[in-house]
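Each chain, letter by letter, is given below.
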Amino acid sequence: MVNYRSIDDFLSELYVYKHRAYYGSRKRRLLRSCCEIPLPLLALCIANSSDATEILMLSYLLADSRFREDMFSEDSSSSMEGAEYLASSIFVGMLIGGTVLGFLSDRIGRRPSLLLGLLTNSVAGMCSSLPIFAPSFVSLTMWRFVAGVGIGATVPPLFTLASEWSSKEVRGVFVTAVASFWMVGSIFVSSLAWCLFQLDPMHELPIWRVFAATCALPSLLGAWMVYNYVPESPRFYLAAEKCDYELAAKSCNQMAMLLNVHLDHEKESTLLGAAFDHRAVHPLTKDELFSHHQENAANNFNSSENAHSPTNRAKMNQTINSSVDSLRKLYSSQLLPRTTLPLQLLWFCLSFATYGITTWINTLFVEIQLENVYFNSFLFALSSLPGNIVSMVYSDRYGRKKMLIGSLIGAACGLVVFATTVYAGSRQENDGQSNTSMQTFVIVLCACAFQAFGTISWNTIDIITAEMFPTNVRSAGMGVCTATGRLGGILSQCINAKLIVDGSGSGAAWILVVASISLLFGAGMPLVLDRDMTMEELRDDAIEDSTDCCCPRKHKDHLSDEETDMPQLQLQSSRSLEYQSFQQEVESNQPFLL
């Protein structure tokens, strides 16, 4: 039986090519993989780092006395009435942007949605820094809301593209690499704050506006790189109503060229593994994709050439109906109990804890009277590095669920010790004593431990969310989960602001305790999730309507593109021995990035 190549098979061939032909000897692999990041991967990484700069920027603004004097009209800069509205406005925008664009990206495409979010983020960030556009607290809050819409619109298509463009051998590493650039954005914004705010120690100049304008530049750079180096996902073309095999194949071959993979156009192969040569990869053709998906899409072949163009009103109705249909599938009995609901609770708990801490971490440092706040904030941002390293090394070895449960518990333990030390310090302050050097060391260490474990949690939950949903609702599922996380972020801003403003000396400790409880509750959610999809192929089959349950049909395997009724012997015989040896080497070694 002939076994034609699928998108996953083609991406695996690209990985084998890079693994054997590009990196060369084992001694040079690590150096090359660290120094030569592919441009499509780098573009997605920078796009994610731009979100970090816009979200974390406010943490440094709230700790700056000149900013509080300009925006809150407080000469003493000791009160921040209304700070919860400013802090939560960006999360309200993220809630709306993630929900709307999450559904639309399954309709209009992942790439256009990502570009729209990045451009919105950059424009709003720049306007919030200019006195003519943001002269007051109200106008600044409005622009932070618009920036939040852009950030929320960025996350679902960003991680959907990262997941759909990676082969199963390196999906964990690929998505983790994109997620890890949140650390790069946080280090960038902390270093920038450390440098700029030190220029005016007396806080006589509005340095915060220069700081805000500079933080908007990564979004603009990310939009330019995505436009030039990231093609549309081929899975989107196959999941669309027209099911355009030609565009899907063209997108795959375009990605191969962007990865500097040599395509042998003289001899195209339609057999998986036939005459496989690590020195060149045969281009993927629309005939291969059609043959592989003919059971689901035989009637749609070449339909793009015969279909008439719908009117604008019809397009709008189709978009609305598609969004409603995606929402119905997400909350169907097939996905709700084991996928959608547990993931939403996970996103809520993790967002409530991490966004609540990171937004107010500099204010917490000021409240507990730590010296050199910006240096401690830099250490806090840098502590994401060990978390990213652990995620890259072990996410494809030990599984997503174990990584997520362990990291959530670790982050909660760090916050408990953090809260205990802060509470003891507040008691000493009431007695007229200051924090000892040991207490300061423990506080900074626990804060860094929380950030490291939290980074592992975020990297893992990004991978899990992108893997668990089928292709036709993957971006919508990401949008729903991120929107739920934004609700947690909004709630945490309101609670933490009240604890900071109205609380006594123990207000900072209570912030940490509440966040740790949220993390411990979230640590139980991975146990409810469906099967762990580590090193498995993505699910491309659609969710069937509940009305079709009485008419059972043959479905594909939960994670595979091959038919479940295909005999395993025929599947193995269709692959060449050479291709099998490459695949076995790939799966037995720690994967490297494309």
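Residues numbered from 1 in each chain as written. Predicted model: local features only at pLDDT ≥ 70, side-chain atom pairs only at ≥ 80, totals over all residues. Heavy atoms only, no water.

K.L.:
Teacher, can you tell me more about the environment of Thr484 here?
P.N.:
Inspection of the secondary structure puts Thr484 in helix 22 (residues 474-502). Separated by 138 residues in sequence, Thr484 and Leu346 have C-alpha atoms that sit 9.1 Å apart. Excluding anything up to four places from it in sequence, Thr484 contacts Gln344 and Phe348. Within the structure, Thr484 has its side chain in polar contact with the side chain of Gln344 (distance 2.8 Å). (Helix = DSSP H or I, 4+ residues; strand = E, 2+ residues; numbered from the N terminus. Contact = heavy atoms within 4.5 Å. Polar contact = N/O pair within 3.5 Å; in protein donor to acceptor, adjacent residues only side chain to side chain.)

K.L.:
When you look at the packing of helix 6 (residues 110-127) against helix 7 (residues 137-164) in this model, what are you seeing that I'm missing?
P.N.:
Relative orientation and spacing of two packed helices are given, respectively, by the angle between their axes and the distance between those axes. Across the interface, helix 6 lies against helix 7 with an axial gap of 7 Å and an inter-helix angle of 150 degrees. Our classification of the angle between helix 6 and helix 7 gives roughly antiparallel. Of the two elements, helix 6 crosses helix 7, and the hand of that crossing is left-handed. (Axes fitted to C-alpha atoms, helices over the stretch in contact; angles between N-to-C directions. Parallel < 35°, antiparallel > 145°, perpendicular 65-115°, else oblique. Left-handed = near helix turned anticlockwise from the far one by under 90°.)

K.L.:
Just to check I follow, could you spell out the pattern of salt bridges for this structure?
P.N.:
For side chains bearing opposite charge, pairing can occur when the charged atoms are close. Inspection of the entire model under this criterion finds seven salt bridges. Linking Arg144 and Glu54 is a salt bridge whose minimum nitrogen-to-oxygen distance equals 3.0 Å. Taken as a pair, Arg144 in helix 7 and Glu54 in helix 3 (residues 39-62) lie far apart in primary sequence, 90 residues in all. Both residues of the pair, Arg144 and Glu54, belong to the buried class. Lys498 is paired through a salt bridge with Glu84; the nearest N and O atoms lie 3.8 Å apart. Of the two residues, Lys498 is situated in helix 22 and Glu84 in helix 5 (residues 83-108); the sequence distance between them amounts to 414 residues. The class of Glu84 is buried, set by a relative accessible area of 8%. Connected through shared salt-bridge partners, Arg110, Glu164 and Arg474 make up one network. (Salt bridge = Lys/Arg side-chain N within 4 Å of Asp/Glu carboxyl O. Buried < 20%, exposed > 50% of the residue type's maximum accessible area, 1.4 Å probe, protein only.)

K.L.:
Honestly, the packing of aromatic side chains in this entry has me stumped. Any pointers?
P.N.:
Each aromatic ring pair is specified by the distance between its two centres and by the angle formed by the two planes. One pass over the full model with this rule turns up 14 aromatic pairs. On the numbers, 6.1 Å between centres and 80 degrees between planes, the contact of Trp224 with Tyr229 is edge-to-face. Given a relative accessible area of 21%, Tyr229 falls into the partly exposed group. An aromatic cluster is built from Tyr60, Phe197, Phe211 and Tyr374, whose rings are joined through pairwise contacts. (Phe/Tyr/Trp six-rings, centres within 6.5 Å; stacked < 30°, edge-to-face > 60°.)

K.L.:
Just checking my understanding: could you explain the nonpolar core for this structure?
P.N.:
When a protein is soluble and globular, its nonpolar side chains tend to lie buried together. With 90 residues, the main nonpolar core has Phe67, Phe197, Phe211, Phe418 and Leu519 as its most contacted residues. Here this core gets eleven residues from one element, more than from any other, and that element is helix 17 (residues 336-367). Ignoring any residue separated from it by four or fewer positions in sequence, one finds Leu519 in contact with Leu350, Ala353, Leu408, Ala411, Ala412, Leu415 and Phe450. Membership of the second largest hydrophobic core comes to 49 residues, among which are Leu14, Ile46, Leu158 and Ala248. (Core = buried A, V, L, I, M, F, W, Y, C linked by side-chain atoms within 4.5 Å.)

K.L.:
I keep staring at helix 4 (residues 65-72) and nothing clicks. Help me out?
P.N.:
Think of an α-helix as turning once every 3.6 residues; residues three or four places apart then point the same way. Counted residue by residue, helix 4 has six buried out of eight residues, so it is predominantly covered. Among the residues making up helix 4, those that are buried are Ser65, Arg66, Phe67, Arg68, Met71 and Phe72.

K.L.:
I'm lost on a nonpolar patch on the surface in this one. Help?
P.N.:
A surface patch of nonpolar side chains, amounting to about 450 Å² of accessible area, comprises Met126, Leu130, Ile132, Phe133 and Leu217. Position of Phe133 relative to the elements: it lies in the loop between helix 6 and helix 7. (Patch = residues over 30% accessible without salt bridge, like charges linked within 9 Å, V, L, I, M, F, W, Y side chains within 5 Å. Areas by Shrake-Rupley, 256 points an atom, 1.4 Å probe, with all protein chains shown as cover.)

K.L.:
Help me out: how do you make sense of helix 18 (residues 373-382) in this one?
P.N.:
In terms of burial, helix 18 is a largely internal element, seven of the ten residues being buried. Among all positions in helix 18, only Val373, Tyr374, Asn376, Ser377, Phe378, Phe380 and Ala381 are buried. Taken together, the buried residues of helix 18 touch helix 3, helix 8 (171-198), helix 17, helix 19 (384-394) and helix 21 (437-468).

K.L.:
I would appreciate a short explanation of the environment of Ala249 in the present structure.
P.N.:
Structurally, the position occupied by Ala249 is in helix 12 (residues 245-258). For the pair formed by Ala249 and Leu238, sequence separation is eleven residues and the distance between their alpha carbons is 9.8 Å. Discounting chain neighbours no more than four positions away, the residues touching Ala249 are Leu284, Thr285, Lys286 and Leu289.

K.L.:
Just to check I follow, could you spell out the packing of helix 8 against helix 9 (residues 207-215) for this structure?
P.N.:
Between helix 8 and helix 9, the least distance of the axes is 10 Å, while the angle of their chain directions is 155 degrees. Judged on the interaxial angle alone, helix 9 and helix 8 are roughly antiparallel. The chirality of how helix 8 crosses helix 9 is right-handed. Of the residues in helix 9, those touching helix 8 at Phe188, Val189, Leu192, Ala193, Leu196 and Phe197 are Ile207, Trp208, Val210, Phe211, Thr214 and Cys215. Here the residues of the contact of helix 8 with helix 9 are counted per class, giving eleven nonpolar, one polar and no charged. (Nonpolar A, V, L, I, M, F, W, Y, C, P; charged D, E, K, R; others polar.)

K.L.:
What's the story with the side chain of Ser395 in this structure? I'm lost.
P.N.:
One can find Ser395 in the loop between helix 19 and helix 20 (400-430). Assessed through its relative accessible area of 4%, Ser395 is described here as buried. A polar side-chain atom of Ser395 sits 2.8 Å from the main-chain carbonyl oxygen of Ser391. Dropping the residues within four chain positions of it, Ser395 is found in contact with Gly172, Val173, Thr176, Val390, Arg400, Met403, Ile463 and Thr534.

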